Amino acid sequence: EIVMTQTPLSLSVTPGQSASVSCKSSETLLHGDRKTYLYWFLQRPGQSPQLLIYEVSSRFSGVPDRFSGSGSGTDFTLKISRVEPEDVGIYYCMQGIHLPWTFGQGTKVEIK
Amino acid sequence: EVQLLESGGGLVQPGGSLRLTCAASGFTFNSEAMSWVRQAPGSGLEWVSAISGSGGDTYYRDSVKGRFTISRDNSKNTLYLQMNSLRAEDTAIYYCAKAGVSGGTRPTDKWGQGTLVTVSS
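Residues numbered from 1 in each chain as written. Chains lettered and ligands numbered in written order. Predicted model: local features only at pLDDT ≥ 70, side-chain atom pairs only at ≥ 80, totals over all residues. Heavy atoms only, no water.

### Some words on the layout of surface pockets
Thinking step 1. Of the volumes computed, that of the largest pocket is approximately 380 Å³.
Thinking step 2. Along the walls of the largest pocket sit 25 residues, with Pro49(A), Gln50(A), Leu51(A), Asp109(B) and Lys110(B) positioned nearest its centre.
Thinking step 3. Looking at the lining of the largest pocket, the element that brings in the most residues is strand β5 (residues 50-54) of chain A, giving 3 residues. (1 Å grid on protein atoms, 1.4 Å probe; cavity = no way out; pocket = protein on both sides within 12 Å on 5 of 7 lines; lining within 4 Å. Points joined across faces, edges and corners; volume = space filled by probe spheres on them. Helix = DSSP H or I, 4+ residues; strand = E, 2+ residues; numbered from the N terminus.)

Written out as structure tokens, the structure is:
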């Protein structure tokens, strides 16, 4: 199965500053259909995960534009510009190219 | 509004069985694949099983093959997970999740609030 590795595992950010989370996959996530199946989720405390970014860089419906995704192949980044208190939680990347779908270990983002 | 509501979790002894249910609303249920994803206490996310919109195709992670069965009743907009021969390592919150943005069975667009399964004697 594809292994997803996130760094860092925790992050403390001052409100208004930016934060970045890295995700690396053990295999390319570029499919033969030319799409790259990499997703980002946020799990706020006590809640279920919610989709932020799909296919590397497309924001899901209702997601603020301070969230952006980039990358290709096996290396990906989630950037949060102008962090707000509501951005606290655990961020997960997920690969969707080969079953079983697999997730990174999660990156816990806290506010200073 | 898309809603997913899981139920059926609880405390069960090792070797026992449980059936989880996910009631769906707010979308055309039979058009979307669905998944079960679990999260052990204090741990990350682990995909468990998925089923196509028609119910004709099912998928499982190796550790649950032969023990868990995913199914759906499209007339009732309901997803199920029958879990047999439960082990301590199956202890987790179980989420149902709807596919969508990328098609296939990828658990993306919406997740329920989860139901807790505890396997312990």
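Don't stop here, the text continues.
### A few points about unusual backbone geometry
Excluding glycine, residues mostly carry a negative phi; peptide bonds, for their part, are mostly trans.
Residue and element names in this part refer to chain A.
Thinking step 1. Thr-7 connects to Pro-8 through a cis peptide bond whose omega is -10 degrees.
Thinking step 2. Turning to its location among the elements, Pro-8 is positioned in the loop between β1 (4-7) and β2 (10-13).
Thinking step 3. The phi angle at Arg-82 is positive, at roughly 50 degrees, despite the residue not being glycine.
Thinking step 4. By the secondary structure assignment, Arg-82 is in the loop between β8 (75-80) and β9 (89-95).

### Overview of the pairing of strand β8 (residues 78-83) of chain B
Residue and element names in this part refer to chain B.
Thinking step 1. By the criterion of burial, β8 is predominantly enclosed, with 5 of the 6 residues buried.
Thinking step 2. Direction of pairing for strand β3 (residues 18-25) relative to β8: antiparallel, over a ladder of 6 bridges. Across the sheet, residue Thr-21 finds its bridge partner in β8, namely Tyr-80.
Thinking step 3. The pairing of strand β7 (residues 68-73) with β8 spans 6 bridges and is classified as antiparallel. For Ile-70, the partnering residue across the bridge sits in β8 and is Leu-81.
Thinking step 4. Taking the residues between adjacent antiparallel strands as the criterion, β7 and β8 are bridged by 4 residues, where Asn-77 takes a positive phi near 50 degrees. (Buried < 20%, exposed > 50% of the residue type's maximum accessible area, 1.4 Å probe, protein only. Pairing = 2+ DSSP bridges.)

Any link to function would need more than the numbers given here.
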